[in-house]
Structures are given as structure tokens and as C-alpha cells.
Amino acid sequence: MNRALPLSRIIVRRAPLQTQQMKMSNVISRTIEKLISKYGPTRTTIGNARSLLHNCKNRADDPYWYTHGMVSHDFRSKQIMLMVHIWMMHKKLISEGDDGHVVQECLFDELWEDTSNRIRGAGINELSVNKYLKEVQGYSFRVCLELDHVLSLSKKTVTPKLLREQFGDTIMSPPNVKLEEEENNRVLVDSEVEEVIVDEMATVVLRQVFLNREDITVAHILEFARYLRHEQQSLMAVSREAIFDSRVEWGPLPNFKSLKGGDRSERGDKNNKHIADKATTAEKPKGEWKEATAADGKTYYWNTLTRESTWDKPKELEKNEA
């Protein structure tokens, strides 16, 4: 006849099995944590990417672009405006090594999720959302690739001959064959290469942002291109700490208002006049320092000229407020 074991002996016998299960559970948990930290984005990384996306959206959605800037209000134009700012943020992130690559991947994931929602908001049937998203991704990546090509230009790829062809014979036009040969072998200075880069960016802007519209002047396009180049270079100078804290702010908007025909409200578009007035008011800075909020909710301050950022309120800002 089988006798029941005492309760104390049952507990003793089960204890080693429970201990082994706990140890195994801890090993599995640690392994999962390591895999997530190595291959998957953390909550902080996703929050950083979302903050950077909202940063780009806020600048691309500024009413100034669609009044003084003469950018069209259609979905494609607004998407391209967003993409040129996403492209600048992308170039900065990939320069920050593996951590930057992880954030920029999350940035594009958040971008396409946001784009899908905007496609739905435009009244597209749910069954057709992916089809339209693929089309949007096509022209979005196209503008990024064209801007990448512009940045690949250097002293080795930009020659005096190309510079003359770009800007006409009035620039560096040698008087004879011998001088022409010497001129073609000359190494260009940085300012000459920079001039070509801005001009090539202007070509991308005309083609992708304005779709080769005939009512857009050369001066208008060049002003846009200079803004694009300046912001791209300034963003590359932002500190690693600031970019991963989402403490990134844009510089001044292009000065379209000083250009002839650069204001739709002055051309009789009464519907946009109140937007133009609002953009003009928002454009006036209160000193060189501005207040902003990081991804974790903390307040920081950034300089509109140097792009420097700090957690402490600058004395100049305190004086302006006083």
C-alpha cells in the first residue's frame, strides 16, 4: 500500500525544480534584453525619432512656405517639403555611427506611418493606401537621391570647364587655347565649388518642389537653395548630445519677402492674407536665443545663429524678457 509523502518532503523535492525554472527564466529575460538592446529600438530611440519627425513637420508645415514661398498646397508638394527636411536630418544621423543609424531607421518608420495616416486623411480608400504609399515613397526617395548626388560634388568632380558651362562664358573665360588648358587644370577654390552645389540644389528645388513652374523666378529658387544648403551644413555642426536629445532647431526661413513676386497675398490671393500676416509675425525672433522642449519634456535653449544649445537659460534671453 502506497503511503503519501509528508508535505515537507514534497516541498523539498519541488524546490530544486522551481529554482531551475527561475534561473532559466532569468537567463531568457537577460537574453531578450540583450537582443532588444542590440537589434531593436528602445522606447527612448523611438521617442527621439518621433520628436525629430515632428521637428521636421513643424518646419515643413510653416505657412510661410505656402504664402511667401509660393509652394503649392497639394499633397505631393507638402510631402516634398517634409522630405527635404527629413533628408537633412537623415544626413546628420548617419554621420553619428551605429546609434545614429538606428534612430534614422526609426525616423523613416515613423515617417511612413505618418504618411499613411495623411493618405487616409486625404480620403483614400483603405484598400488603396499601400498603393498610394508606394507612389509617395517613390518621389520622396527620388528627391533624397538627387540631393545626395549634389553633396557628392567636390573639387575633384567640379572642374573649371564645368563651372564655365554651368554659369556661361562670362565666368573664367580664357582668351586663348593655352590659357584655357591652364584654366581647365586649375584646382577650384571652396567658394567656386560651393557656388556649383547651391546651383545644383536650386535645380533640384525647381524640379521637385516647384515642378518646373514658369512663374517661379531664378532669384526665388536660389534663395530656397541657399536656405537648404545653410541648414544642411548647420545641422551637421549640431552636437551628438543635442541630436540624441532631440534638441534641434532650424535657422531663419528664406527671405522670400524681399524678392519680387514672392508673396501671394500681394498678388491678390486674399484667402492667404491672414496666413501671410501670421507667418510674418511668427518670423520675428525675440533675440538670438529661443526656448524649446526636448523629447523627455525638459526645457532647453538654442541660439538661432550659432545653433548652440544649453539647458541653462542664457543671460541674453533673461535681459530680453526683462
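Our structure's up above, just so we're on the same page.
Owing to the predicted nature of the structure, the values given are computational and were not obtained by experimental measurement. (Residues numbered from 1 in each chain as written. Predicted model: local features only at pLDDT ≥ 70, side-chain atom pairs only at ≥ 80, totals over all residues. Heavy atoms only, no water.)

A. How the structure looks around the overall build of the protein. The helix and strand inventory of the protein stands at 13 helices and three strands. The proportion of buried residues among the 322 residues of the protein is 38%. Counted over contacts in the protein with a minimum sequence separation of 6, partners at least 24 positions apart contribute 68%. Accessible surface, the protein: about 19,400 Å² in total, of which carbon and sulfur atoms supply 52%. (Helix = DSSP H or I, 4+ residues; strand = E, 2+ residues; numbered from the N terminus. Buried < 20%, exposed > 50% of the residue type's maximum accessible area, 1.4 Å probe, protein only. Contact = heavy atoms within 4.5 Å. Areas by Shrake-Rupley, 256 points an atom, 1.4 Å probe, with all protein chains shown as cover.)

B. How the structure looks around the pattern of salt bridges. Inspection of the entire model under this criterion finds 14 salt bridges. The closest approach of N and O atoms between Lys91 and Asp148, which form a salt bridge, is 3.1 Å. Here Lys91, found in helix α4 (residues 75-94), pairs with Asp148, found in helix α6 (residues 129-151); they are 57 residues apart in sequence, far enough to count as distant. The class of Asp148 is partly exposed, set by a relative accessible area of 25%. Glu126 is paired through a salt bridge with Arg120; the nearest N and O atoms lie 2.8 Å apart. Residue classification places Arg120 among the partly exposed positions, given a relative accessible area of 33%. Here the salt bridges do not stand alone but share partners, grouping Lys92, Glu96, Asp99 and Arg240 into one network. (Salt bridge = Lys/Arg side-chain N within 4 Å of Asp/Glu carboxyl O.)

C. Looking closely at the packing of α6 against helix α9 (residues 190-209). With their axes 9 Å apart at the nearest point, α6 and α9 run at an angle of 170° to one another. With respect to α9, the element α6 is oriented roughly antiparallel. Viewed along their axes, α6 and α9 form a crossing whose handedness is right-handed. Across from Arg142, Val143, Glu146, Leu147, Val150 and Leu151 in α6, the residues of α9 making contact are Ile197, Glu200, Met201, Val204, Arg207 and Gln208. Taken together, the residues of the contact of α6 with α9 sort by class into seven nonpolar, one polar and four charged. (Axes fitted to C-alpha atoms, helices over the stretch in contact; angles between N-to-C directions. Parallel < 35°, antiparallel > 145°, perpendicular 65-115°, else oblique. Left-handed = near helix turned anticlockwise from the far one by under 90°. Nonpolar A, V, L, I, M, F, W, Y, C, P; charged D, E, K, R; others polar.)

D. Examining the side chain of His90 more closely. Here His90 shows up in helix α4. Looking at His90, its side chain comes within polar contact range of the side chain of Gln104, at 3.0 Å. Ignoring sequence-local partners within four residues, the contact set of His90 consists of Gln104 and Phe108. (Polar contact = N/O pair within 3.5 Å; in protein donor to acceptor, adjacent residues only side chain to side chain.)

E. Representation of the packing of aromatic side chains. Overall, the coordinates contain 10 aromatic pairs when judged by the stated rule. Here the aromatic rings of Tyr64 and Phe256 are separated by 6.0 Å at their centres, their planes lie at 25°, and the arrangement is stacked. One end of the pair, Tyr64, is in helix α3 (residues 63-66); the other, Phe256, is in the loop between α11 (240-244) and α12 (273-283), with 192 residues separating them in the sequence. Taking 6.2 Å as the distance between ring centres and 65° as the angle between the ring planes, the aromatic pair formed by Trp65 and Phe256 counts as edge-to-face. Here the residue Trp65 occupies a position in helix α3, and Phe256 occupies one in the loop between α11 and α12, the gap between them amounting to 191 residues. (Phe/Tyr/Trp six-rings, centres within 6.5 Å; stacked < 30°, edge-to-face > 60°.)

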